[in-house]
Amino acid sequence: MGLAVKPTFDLDTRHGLPADLRELLLRYPRDVWTGHRNLGPTARFWLQRHDMFRELGGALDEALGQQREQVIDLGQFRVWFVPRLNFFLTQLDEHHRIEDTHYFPVFQLADARLAHGFDLLEGDHEVIHRDLQAVAETAGRFLQETNLAGGKPGDTARRASEAYSDASERLLRRLVRHQEDEEDLIIPMILDRSEPGLGI
Ligand SMILES: [Fe+2]
Ligand SMILES: [Fe+2]
């Protein structure tokens, strides 16, 4: 049995796209994206959505920290947190559904050599979908227990808060890795072929 280290595509351990999917990225590195004439309206909108998910994910995490440090009133926290968490979860789920059903099939047809990259990204979506469910479940319990505990959180409320915090941290970490790799695969394709050329 050989001892060669196999490349891993695991969302938790990989550091980027595998080498065979990075060829176009070498020709179109990130620092040329913004000013490139083939970066069309669809790509710009899509990158903005990714930025929004990263920013909102960070803001939700920050709000949880404030709630745990008790620097924010519980009522104020709920008013801010609940609609934004719901928005984040539903929009992210929808974003992945549109990528899976609408965009990935177009890209897969456009370049057979990169087709397996979209299987990798779809696999990420499945992992992240389970993370979204875990975040929704643990958030529900966290909010319920925190509310019951009022100003003096006991062990149950603290455990519920930690379970939510763990689930949320896992989701955000995986989302950041996924989005970066997705951008590294798709934006160079768009710059190379243009949006009309790809039919998007
Ligand atoms: Fe995605
Ligand atoms: Fe995406």
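Conventions we followed
Residues numbered from 1 in each chain as written. Chains lettered and ligands numbered in written order. Predicted model: local features only at pLDDT ≥ 70, side-chain atom pairs only at ≥ 80, totals over all residues. Heavy atoms only, no water. Helix = DSSP H or I, 4+ residues; strand = E, 2+ residues; numbered from the N terminus. Expected span 1.5 Å × (residues − 1). Buried < 20%, exposed > 50% of the residue type's maximum accessible area, 1.4 Å probe, protein only. Contact = heavy atoms within 4.5 Å. Polar contact = N/O pair within 3.5 Å; in protein donor to acceptor, adjacent residues only side chain to side chain. Donors = N, O, S within 2.8 Å, 3.2 Å for Na, K, Ca; no water. Tetrahedral: all angles 85-135°; square planar, octahedral: opposite > 155°, others 65-115°. Phe/Tyr/Trp six-rings, centres within 6.5 Å; stacked < 30°, edge-to-face > 60°.

Caption draft 1: Seen up close, helix α3 (residues 74-110). Its 37 residues place the ends of α3 51 Å apart at the C-alpha level, agreeing with the 54 Å of an ideal helix rising 1.5 Å per residue. Looking at α3, one finds that the buried residues are F77, F81, L85, F88, L89, L92, H95, H96, E99, F104 and F107. Buried residues along α3 sit in contact with α2 (41-68), α4 (115-149), α5 (155-193) and α6 (195-198). Sitting at the amino-terminal end of α3 is D73, which places a side-chain oxygen 3.1 Å from the backbone nitrogen of G75.

Caption draft 2: Just the coordination of the iron ion (ligand 2), in detail. Taken together, the protein ligands of the iron ion (ligand 2) are H50 (NE2), H95 (NE2), E99 (OE) and E182 (OE), with distances of 2.0 to 2.2 Å. For the iron ion (ligand 2), the 4 donor atoms are set out with angles of 80 to 169° between them, so the coordination reads as irregular. Written as a sequence motif, the donor residues of the iron ion (ligand 2) are H-x44-H-x3-E-x82-E. In this model, the iron ion (ligand 2) sits 3.2 Å from the iron ion (ligand 1), the two metals being bridged by E99. Residue H50 is found in helix α2, and its partner H95 is found in helix α3; the two are separated by 45 residues along the sequence. With a relative accessible area of 0%, H50 lands in the buried category.

Caption draft 3: Examining the coordination of the iron ion (ligand 1) more closely. Taken together, the protein ligands of the iron ion (ligand 1) are E99 (OE), H125 (NE2), H178 (NE2) and E182 (OE), with distances of 2.1 to 2.2 Å. Going along the chain, you hit the donors of the iron ion (ligand 1) in the pattern E-x25-H-x52-H-x3-E.

Caption draft 4: Focus on the packing of aromatic side chains. Within the structure shown, the criterion is met by 9 aromatic pairs. For the pair F81 and Y164, a centre-to-centre distance of 5.8 Å together with 85° between the ring planes defines the contact as edge-to-face. Of this pair, F81 sits in helix α3 while Y164 sits in helix α5, and the two are 83 residues apart along the sequence. Like F81, the residue Y164 is buried in the burial classification. Within the aromatic cluster, the residues linked to one another by ring pairs are F77, F81, F142 and Y164.

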